[in-house]
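What follows is each chain in one-letter form.
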Amino acid sequence: MSIEDFGGGQTAHTDVLVVTTNDVPGHRVEQVIGEVFGLTVRSRHLGSQIGAGLKSMIGGELKGLTKTLVQTRNQAMERLVEQARARGANAVLAFRFDVTETADIGTEVCAYGTAVVLARE
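1. Here's the deal with the overall build of the chain
Regarding its fold elements, the chain presents 2 helices and 4 strands. Every one of the 121 residues in the chain was classed for burial, and the buried ones make up 29%. In the chain, once contacts between residues fewer than 6 apart in sequence are set aside, the share between residues at least 24 apart is 77%.

Following this line, the structure appears as structure tokens:
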């Protein structure tokens, strides 16, 4: 697996900036649109569960599960950006992830933040 399998985030050329900070240097918030989120729930794959169980006996990274979680987080973030764009935002401030196990059948990943319209100062 390559490093691309284990990373995420935005590309350099996006029309909706997503940051974990509450402001962006050189910009001012012209309009606060409100909370936006992207949500996805992934079920556990039987093969990866068996592999994870075996790997947990000897230790080490569970690469299959890591890759799945990266894909899940990226999908949640893409949905967040789509929602922000649809509501007229060009940025999302205070971006965060929340991950929850759901009834022992899967993992819920929610990407959330505050949609805003930024303007250069």
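Anyway, onward from the coordinates.
2. Some thoughts on the pairing of strand S4 (residues 106-120)
Of all 15 residues making up S4, 11 are buried, and the element is well covered by its neighbours. Looking at chain direction, strand S2 (residues 27-43) and S4 are connected through 15 bridges and run antiparallel. Within S4, the residue paired with Arg-28 across the bridge is Ala-119. As paired strands, strand S3 (residues 91-102) and S4 are joined by 10 bridges and run antiparallel to one another. Opposite Arg-96, over in S4, you have Tyr-112 as the bridge partner. From the end of S3 to the start of S4, which pair antiparallel, there are 3 residues, and Ala-103 there has a positive phi angle of about 50°.

3. Concerning the sheet that holds S3
Spatially, the 4 strands line up as an open sheet ordered S1-S3-S4-S2, and their pairing is mixed. The open sheet is flanked by strand S1 (17-18) and S2, the only strands paired with a single partner. Strands S1, S2, S3 and S4 of the sheet are contacted by helix H2 (residues 63-86), whose axis makes an angle of about 140° with S2.

4. Looking at the packing of aromatic side chains
Considering all chains together, one arrives at 1 aromatic pair under this definition. Ring geometry for Phe-95 versus Phe-97: centroids 5.0 Å apart, planes at 75°, classification edge-to-face. Seen from the ring of Phe-97, Arg-73 lies directly overhead, with NZ or CZ sitting 3.8 Å from the centre.

5. Description of a nonpolar patch on the surface
Together, Phe-37, Leu-39 and Tyr-112 line one region of the surface with nonpolar side chains, adding up to about 250 Å² of accessible area. If you trace the backbone, Tyr-112 turns up in strand S4. Taking the relative accessible area as the measure of exposure, Tyr-112 reaches 32% and is therefore partly exposed.

6. Looking at the pattern of salt bridges
If you walk through the whole model with that rule in mind, you get 2 salt bridges. Between Arg-85 and Asp-15 there is a salt bridge; the shortest N-O distance is 2.8 Å. With Arg-85 in helix H2 and Asp-15 in the segment before S1, this pair connects stretches of sequence that are 70 residues apart. Overall, Asp-15 belongs to the partly exposed group, its relative accessible area being 48%.

7. Here's the deal with the side chain of Thr-107
Here Thr-107 lies in strand S4. Under the relative-accessibility criterion, Thr-107 is labelled buried at 16%. Those residues in contact with Thr-107 that sit more than four places away from it in its chain are Thr-40, Val-41, Arg-42, Val-99, Thr-100, Glu-101 and Thr-102.

Quick notes on the rules
Residues numbered from 1 in each chain as written. Predicted model: local features only at pLDDT ≥ 70, side-chain atom pairs only at ≥ 80, totals over all residues. Heavy atoms only, no water. Helix = DSSP H or I, 4+ residues; strand = E, 2+ residues; numbered from the N terminus. Buried < 20%, exposed > 50% of the residue type's maximum accessible area, 1.4 Å probe, protein only. Contact = heavy atoms within 4.5 Å. Pairing = 2+ DSSP bridges. Axes fitted to C-alpha atoms, helices over the stretch in contact; angles between N-to-C directions. Phe/Tyr/Trp six-rings, centres within 6.5 Å; stacked < 30°, edge-to-face > 60°. Lys NZ or Arg CZ within 6 Å of the ring centre and 35° of its normal. Patch = residues over 30% accessible without salt bridge, like charges linked within 9 Å, V, L, I, M, F, W, Y side chains within 5 Å. Areas by Shrake-Rupley, 256 points an atom, 1.4 Å probe, with all protein chains shown as cover. Salt bridge = Lys/Arg side-chain N within 4 Å of Asp/Glu carboxyl O.

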